[in-house]
Amino acid sequence: MNNPLSAYHIFYEVAKAGSFSKATNQLYISQPAISKSIQKLEDALHTRLFLRNSKGVRLTPEGQLLFQHLDTAFSAITSAETKLETLTRTDGGTLHIGVSTTLCKYLLLPYLAAFIREHPQINIRIRCQSSNETLKMLADDAIDIGLVGMPEHKTGFIYENLVEIEDIFVATSTYMSHLPQDMTSTREILEASTLMLLDKNNMTRQYIDDYLAKNQIQTKDYIEISNMDLLIEFAKIGVGVACVIKNFVQEELADGQLQQIPLDIPIHKRDVGFAYKKTHLQNDALSCFLDFCRG
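Everything numeric here is computed off the predicted structure, so don't read it as measured data. (Residues numbered from 1 in each chain as written. Predicted model: local features only at pLDDT ≥ 70, side-chain atom pairs only at ≥ 80, totals over all residues. Heavy atoms only, no water.)

Caption draft 1: Seen up close, the environment of isoleucine 225. Structurally, isoleucine 225 can be placed in strand β9 (residues 222–225). Since its relative accessible area comes to 6%, isoleucine 225 is described here as buried. (Helix = DSSP H or I, 4+ residues; strand = E, 2+ residues; numbered from the N terminus. Buried < 20%, exposed > 50% of the residue type's maximum accessible area, 1.4 Å probe, protein only.)

So, in structure tokens, the structure goes:
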């Protein structure tokens, strides 16, 4: 480029304004300085760019050609600046989230849907695995944040509670009618049933195993199922008694597809929330997500 960019910028603003005097408001330089710059540019290009009239100036054919090219160039510069600004704003960057399939579907997705609408420039990466694996990935700095049941040992993590969940046992009314009618205690009902539980790698399963052991309930006949959705579906077709999270079967309980089995030995409710490391707050995307979820 044989001429300085500033000279082309002055020409561009004068052409848009249609007047040297009006262009001074955009350029913040005096009218004589504008006139001098345009004259030097015309001399350098060996062509006349403007025709003066009583109302201001208008472009010559050569000036019109130059203006069209500069309009494309300056538009490209503006676009590049906008994209660079987006990358440095708090709604840019990448957020890595670890979560179990069940918690992702029932708890995380509603938050994500609203968050993405407000912050479309943030790239979201989801790693679905057990909550135990999510905590391990957090410890290894493989993810920024995890949605998990409140860890027993929170050393090294910050934990923020999101919701309280309740584990319950459910079955169809038909299945329950086939059990001996004289059974009234939790232990009798569960020991006589085909019990359906999540697999042993699941944090919920470990919590329920502790409950069964503490109350000396012997599960003679049980089925392991890999995820909560299948557990609910198996219960709905009458395979047995399923241990599910009450928050996730509200519709089935309301319309009578499933019924909750009353327990004389209560299962304590649990907290589910976000766990993360303080060091990861340097990621603006994480800070933005946490602020959004806190409401």
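Caption draft 2: Fine view of the state of the cysteines. Within the structure shown, the criterion is met by 0 disulfides. Not part of a disulfide, cysteine 288 finds its nearest cysteine sulfur in cysteine 293, a span of 9.7 Å. (Disulfide = S-S within 2.5 Å.)

Caption draft 3: Spatial organisation of helix α10 (residues 228–236). Among all positions of α10, only Met228, Leu231, Ile232 and Ala235 are buried. All buried residues of α10 fall inside an arc of 95 degrees around its axis, so they share one side. Where α10 begins, the side chain of asparagine 227 points an oxygen toward the backbone nitrogen of aspartate 229, at a separation of 3.1 Å. Glycine 238, located one to two residues past α10, shows a positive phi value of around 85 degrees. (Arc of directions from axis to C-beta. Polar contact = N/O pair within 3.5 Å; in protein donor to acceptor, adjacent residues only side chain to side chain.)

Caption draft 4: Representation of empty space enclosed by the protein in the model. On inspection of all chains with the given rule, the structure shows 2 cavities of 30 Å³ or more. By volume, the largest cavity amounts to about 140 Å³. For the lining of the largest cavity, the secondary structure elements donating two or more residues are α5 (101–118), α9 (203–214) and β12 (270–276). Here the residues of the lining of the largest cavity sort into 7 nonpolar, 7 polar and 1 charged. Taken as a whole, the second largest cavity holds about 40 Å³ of empty space. (1 Å grid on protein atoms, 1.4 Å probe; cavity = no way out; pocket = protein on both sides within 12 Å on 5 of 7 lines; lining within 4 Å. Points joined across faces, edges and corners; volume = space filled by probe spheres on them. Nonpolar A, V, L, I, M, F, W, Y, C, P; charged D, E, K, R; others polar.)

Caption draft 5: Spotlight on the packing of aromatic side chains. A full pass over the atoms with the stated rule returns 9 aromatic pairs. A centroid spacing of 4.9 Å and a plane angle of 45 degrees characterise the contact between tyrosine 12 and phenylalanine 74, whose relative ring orientation is tilted. Residue tyrosine 12 is found in helix α1 (residues 5–17), and its partner phenylalanine 74 is found in helix α4 (residues 61–88); the two are separated by 62 residues along the sequence. Assessed through its relative accessible area of 13%, phenylalanine 74 is described here as buried. Ring geometry for phenylalanine 274 versus phenylalanine 289: centroids 5.5 Å apart, planes at 80 degrees, classification edge-to-face. Placement of the pair is phenylalanine 274 in strand β12 and phenylalanine 289 in helix α12 (residues 284–294), with a sequence separation of 15 residues. Accessibility assignment for this pair places phenylalanine 274 and phenylalanine 289 in one class, buried. One residue, arginine 270, lies across the ring of tyrosine 207, its end atom 4.9 Å from the ring centre. (Phe/Tyr/Trp six-rings, centres within 6.5 Å; stacked < 30°, edge-to-face > 60°. Lys NZ or Arg CZ within 6 Å of the ring centre and 35° of its normal.)

Caption draft 6: Spatial organisation of the layout of surface pockets. Its volume calculated, the largest pocket comes out at about 480 Å³. Lining the largest pocket are 20 residues, and of these Glu152, Gln206, Tyr207, Asp210 and Arg270 lie nearest its centre. Contributions of two or more residues to the lining of the largest pocket are made by α6 (131–139), α9 and β12. Among the elements that line the lining of the largest pocket, the one with the most residues is α9, at 6 residues. Within the lining of the largest pocket, the residues separate by chemical class into 9 nonpolar, 5 polar and 6 charged.

Caption draft 7: Inspection of the sheet that holds strand β10 (residues 241–245) at higher detail. In space, the 5 strands of this open sheet follow the order β9-β8-β10-β7-β11, with mixed pairing throughout. On the outer flanks of this sheet lie β9 and β11 (259–260), each paired with one strand and no other. Both strand β7 (residues 167–171) and β10 contribute to a ladder of 4 bridges, which runs antiparallel. Opposite aspartate 167, over in β10, you have isoleucine 245 as the bridge partner. Together, β7, β8 (195–198), β9 and β10 form the strand contacts of α9, whose direction differs from that of β8 by roughly 135 degrees. Of the strands in this sheet, β7, β8, β9 and β10 are in contact with α10, which crosses β10 at around 140 degrees. (Pairing = 2+ DSSP bridges. Contact = heavy atoms within 4.5 Å. Axes fitted to C-alpha atoms, helices over the stretch in contact; angles between N-to-C directions.)

Geometric values such as these leave the question of function open.
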